[in-house]
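# Summary of the model geometry
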Amino acid sequence: GIQVEQSPPDLILQEGANSTLRCNFSDSVNNLQWFHQNPWGQLINLFYIPSGTKQNGRLSATTVATERYSLLYISSSQTTDSGVYFCAVDRDSGYSTLTFGKGTMLLVSP
Amino acid sequence: DAMVIQNPRYQVTQFGKPVTLSCSQTLNHNVMYWYQQKSSQAPKLLFHYYDKDFNNEADTPDNFQSRRPNTSFCFLDIRSPGLGDAAMYLCATSREGTGLSPLHFGNGTRLTVT
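Residues numbered from 1 in each chain as written. Chains lettered and ligands numbered in written order. Predicted model: local features only at pLDDT ≥ 70, side-chain atom pairs only at ≥ 80, totals over all residues. Heavy atoms only, no water.

### Focus on the overall build of chain B
Scanning chain B from N- to C-terminus turns up zero helices and 11 strands. Mapped from its N terminus to its C terminus, chain B presents α and β elements in the order β-β-β-β-β-β-β-β-β-β-β. Relative to its length of 114 residues, chain B is compact, with a C-alpha radius of gyration of 13 Å against a globular reference of 13 Å. If you line up chain B on its principal axes, its C-alpha atoms span 40 × 30 × 30 Å. Burial statistics for chain B: of 114 residues in total, 49% are counted as buried. Between the mean site of the 10 positive side-chain charges and the mean site of the 9 negative ones, chain B shows a separation of 7 Å. (Helix = DSSP H or I, 4+ residues; strand = E, 2+ residues; numbered from the N terminus. Rg over C-alpha atoms; globule rule 2.2 N^0.38 Å. Buried < 20%, exposed > 50% of the residue type's maximum accessible area, 1.4 Å probe, protein only. Lys, Arg positive; Asp, Glu negative; His and termini not counted. Charge placed at Lys NZ, Arg CZ, Asp CG, Glu CD.)

As structure tokens, this is what we get:
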């Protein structure tokens, strides 16, 4: 099956710093999604981004499907950005399902 | 707001005692999923329904069953919970499959097995 690798596995930032999280995948995909899981366990869909660039406030994401990677940018980080960021890909447009990476754990300290 | 709702937020059951977790959605999405997530791991898909069509993952234990009586509701039944089944259980929906539409999660039910 498709492999999804996220880096770095852990990241500690000072509040206000910027960061880039990376997601590599081993085969062509039909879709890619980024999620944030907060310390209470809630998973929020950040981006649905099979290709191109999207922005949502301080967060933006870029997927280069031909080179099999996606980047999540966090600018001016806040303590509420802490948690685990998951990348997940889907190879198909039919009855297929998402394959998740292992996640990047982010801690933003005040 | 349209959303995915899971009840209860926390569930405690005894070893071997059947337990049912519930999920409802107001998004009118066709697909509903159940994931299991253990500490420091990614969510692991157990099964999903595309409308009424049930799709079981190959490595989902027989101890886990699911029901989807209508579009809005989906249930996860654990027939004889073991200590290893203690986890966060996440329900999710998508309008079509995740190759075509975003995945939306509920807040999860954290299951403890004593």
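### Considering the pattern of salt bridges
Applying the stated criterion to the full structure yields four salt bridges over all chains. With its nearest N and O atoms 2.8 Å apart, the salt bridge here joins Asp27 of chain A to Arg91 of chain A. Of this pair, Asp27 of chain A sits in the loop between strand S3 (19-25) and strand S4 (31-37) while Arg91 of chain A is found in the loop between strand S9 (83-90) and strand S10 (99-100), placing the two residues 64 residues apart along the sequence. Residues Arg67 of chain B and Asp77 of chain B are paired through a salt bridge, measuring 2.8 Å at the closest nitrogen-oxygen approach. Within this pair, whereas Arg67 of chain B is found in strand S7 (residues 64-67), its partner Asp77 of chain B is found in strand S8 (residues 73-78), the two being separated by 10 residues in sequence. (Salt bridge = Lys/Arg side-chain N within 4 Å of Asp/Glu carboxyl O.)

### Things to note about the sheet that holds S3 of chain A
Residue and element names in this part refer to chain A. Sheet architecture is open: five strands sit in the order S1-S3-S8-S7-S6, paired in antiparallel fashion. Edge positions in the open sheet fall to strand S1 (4-7) and strand S6 (52-56), since each of these has one partner strand only. Each adjacent strand pair in this sheet contributes to an overall mean axis angle of 15°, direction not counted. In the sheet, S1 pairs with S3 via four bridges, with the strands oriented antiparallel. Directly across from Gln6, in S3, lies its bridge partner Cys23. (Pairing = 2+ DSSP bridges. Axes fitted to C-alpha atoms, helices over the stretch in contact; angles between N-to-C directions.)

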